[in-house]
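Take a look at the letters that make up each chain.
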Amino acid sequence: MSANAIALWYLLASVLFILALKGLSHPLTARRGNRFGIFGMAIAVVVTLAVTNRVELAIGALAIGGIVGYVVAKRVEMTQMPELVAGMHSLVGLAAVLIAMAVVSNPAAFGIPAPIPTANRVELFLGTFVGMMTFSGSIIAFGKLAGLGKQFRLFSSAPIVFTGQQPLNLVMALAMAALGVGFVIAAPGAEWTPFLLMTLLAFVLGILIIIPIGGADMPVVISMLNSYSGWAASGIGFSLNNPLLIVAGSLVGSSGAILSYIMCKAMNRSFFSVILGGFGAAEGAATGTAEQKAVRSGSPDDVAFLLGNAESVIIVPGYGLAVARAQHAVKEMAQKLIAKGVTVRYAIHPVAGRMPGHMNVLLAEAEVPYDQVFEMEDINSDFGISDIAFVLGANDVVNPLAEEKGSPIYGMPILEAHKARTVLVNKRSMASGYAGIDNPLFYMDKTMMVFGDAKKVVEDIVKAIE
Amino acid sequence: MHGVVVDPIITNLTVFVLAIFVGYHVVWTVTPALHTPLMSVTNAISSVIVVGAILASGPGPINRGSLLGALAVALVAINTFGGFMVTERMLEMFKKKEPARKEDGVKK
């Protein structure tokens with residue numbers, strides 16, 4: 001196959017990747033989009049195998065990885081998606097580093113002249129540095145998301161901060177830049193020392209930049225690492241003069257960057273404050289005062305009665321709902337209410353889950369039709385004309401303090417559940433949310449609390465609805 | 001300019017910048033409900049780095065470079081297969097269950 005033919009096949013694969021993303025603009029076209037993506041990937045792999053001298057090594061490795069991927073994709077629970085995605089980011093990062101090492105080791109295999117030219121070295125440096133930080137950072141993110149904090153302190157979901165953290169990171173970044181220069185100007189044969197030191201430093205730095213970020217900010221982190229993994233792929237594409245890698249990498253890089261932006265906006269945090277970390281360190285500090293104020297609480301039977309007599313109900317699901325595995329019970333409840341003529345809709349806050357769009361997937365898994373599920377900006381104006389807002393396992397995202405100047409979460413966009421005629425809230429206890437802030441919604445006259453495990457409570461409500 | 005060959009790095013940069021623009025505009029059209037599948041599919045797409053890994057694994061004689069390449073192929077193939085499959089599994093869940101009532105629920 002000529003170089004031109006290969007380039008044209010790669011162009012086709014690039015277009016298919018773009019179509020794969022475009023398909024996700026609507027649930028109806030999304031699966032076709034995914035097929036485009038698979039098709040593009042198949043073209044890329046087959047064409048590359050066709051021009052490789054020794055294919056048995058690659059095919060064997062593809063088979064091993066493919067089997068592992070197959071098993072993981074089949075077995076993973078939808079609540080574990082954030083961990084899975086973080087784990088996969090780390091693999092892309094590590095692969096980028098390994099490829100860069102292979103290039104340094106044997107540049108001729110990639111058509112790069114023997115003393116590697118300066119431009120290629122700069123690209124290799126960038127690809128390795130970003131790849132390695134993606135690798136180690138994603139491992140920390142994986143540990144945090146998988147709740148491995150008890151086994152290993154670095155995985156703690158509480159932010160890890162120490163004095164001199166930022167200066168240390170800065171010093172390390174500067175040292176890395178210095179080693180990068182060392183690698184670029186190194187004499188042939190002397191490249192390895194600066195290269196390996198730089199890789200090691202990037203590994204440590206990747207860990208250091210993720211540990212100070214608290215559990216509540218994980219949706220931003222995971223989007224950010226998504227972006228990094230794309231840039232790493234692009235960087236390797238530059239070193240190999242491979243436009244397919246560059247295109248695919250930039251698609252992924254910009255996608256992750258946009259998701260990070262959306263998540264930051266949804267939490268009203270600046271990207272920098274998330275990166276610098278420490279948020280949620282004072283978790284639970286503001287709880288004490290809450291207990292004295294009176295709340296009105298009711299039984300599942302009371303809730304069933306109210307729901308059954310309502311005309312319109314908006315359900316606000318939070319991550320607590322997913323933790324309790326109550327999605328199926330909620331869907332059953334909604335079905336019963338719909339059968340009685342009640343309008344039931346779901347309102348999703350962008351950070352309702354542990355990663356962008358997580359709650360939508362969890363509801364889809366419970367077979368909630370997607371046309372009952374609404375994004376925040378589409379449904380917020382309807383709370384005021386709804387009979388009931390039923391908050392299940394959500395807290396900060398419905399906290400009306402966000403509209404009051406001076407509160408720590410002022411400015412964060414919220415679901416305006418407090419505007420509904422009646423507000424029902426299910427929680428395990430009166431503990432405050434991730435942000436550690438009390439929620440006045442719970443003390444409003446029109447609010448009724450139903451305490452208990454979400455699944456148990458909703459199942460009782462289902463039984464009580466006639 | 002005529003007769004002068006453009007450095008490949010410039011061509012690469014052109015591709016890179018234009019692809020970022022395409023990515024930016026395409027990703028904004030993705031419905032927020034599908035942001036998780038977006039992440040898993042971009043994950044699968046970034047595993048196209050497997051192309052570089054395959055090249056690294058197969059220049060001829062087996063040496064340090066080709067073994068590093070093979071290791072990279074094995075690692076990233078987990079994404080190539082797993083990423084698309086798990087996306088497919090999720091999108092399967094978004095499939096319409098009952099045919100009645102359409103469009104009104106979903107924005108764009």
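As the structure is a computational prediction, the values presented were derived from the model and not from experiment. (Residues numbered from 1 in each chain as written. Chains lettered and ligands numbered in written order. Predicted model: local features only at pLDDT ≥ 70, side-chain atom pairs only at ≥ 80, totals over all residues. Heavy atoms only, no water.)

Draft legend 1. Main features of the overall build of chain B. Across its full length, chain B holds four helices and zero strands. Moving toward the C terminus, one meets the helices and strands of chain B in the order α-α-α-α. Classification of the 108 residues of chain B by burial places 56% in the buried group. A separation threshold of at least 6 residues defines the contact pool for chain B, and within that pool the share at least 24 residues apart is 65%. Working note: accessible area of chain B is about 4800 Å², and carbon and sulfur atoms make up 73% of it. (Helix = DSSP H or I, 4+ residues; strand = E, 2+ residues; numbered from the N terminus. Buried < 20%, exposed > 50% of the residue type's maximum accessible area, 1.4 Å probe, protein only. Contact = heavy atoms within 4.5 Å. Areas by Shrake-Rupley, 256 points an atom, 1.4 Å probe, with all protein chains shown as cover.)

Draft legend 2. Spotlight on the overall build of chain A. Helix and strand counts for chain A stand at 16 helices and six strands. A buried classification covers 59% of the 466 residues belonging to chain A. Of the contacts formed within chain A by residues at least 6 apart in sequence, a portion of 77% connects residues at least 24 apart.

Draft legend 3. Broad picture of the packing of aromatic side chains. The final tally for this structure, using the stated rule, is nine aromatic pairs over all chains. Judged by centre distance (5.3 Å) and plane angle (75°), the ring pair of Phe238(A) and Phe16(B) falls under edge-to-face. Taken together, the positions of Phe238(A) in helix 8 (residues 218-239) and Phe16(B) in helix 1 (residues 8-28) put the pair across two chains. By relative accessible area, Phe238(A) is classed as buried at 9%. A residue is classified by how much of its surface remains accessible, and Phe16(B), at 18% relative accessible area, is buried. Aromatic rings pair up to connect Phe183(A), Trp192(A) and Phe195(A) into one cluster. Above the ring of Phe374(A), the side-chain terminus of Arg345(A) is found at 5.6 Å from the ring centroid. (Phe/Tyr/Trp six-rings, centres within 6.5 Å; stacked < 30°, edge-to-face > 60°. Lys NZ or Arg CZ within 6 Å of the ring centre and 35° of its normal.)

Draft legend 4. View of a nonpolar patch on the surface. All names here are of chain A. A surface patch of nonpolar side chains, about 360 Å² in accessible area, is lined by Met1, Trp9, Leu12 and Val51. Assignment of secondary structure puts Leu12 in helix 1 (residues 3-23). Given a relative accessible area of 37%, Leu12 falls into the partly exposed group. (Patch = residues over 30% accessible without salt bridge, like charges linked within 9 Å, V, L, I, M, F, W, Y side chains within 5 Å. Salt bridge = Lys/Arg side-chain N within 4 Å of Asp/Glu carboxyl O.)

Draft legend 5. Spatial organisation of the nonpolar core. In terms of nonpolar packing, the biggest core is built from 195 residues, with Leu307(A) and Met333(A) touching the most fellow members. Residue contributions to this core peak at 18 residues, all from helix 4 (residues 81-105) of chain A. (Core = buried A, V, L, I, M, F, W, Y, C linked by side-chain atoms within 4.5 Å.)

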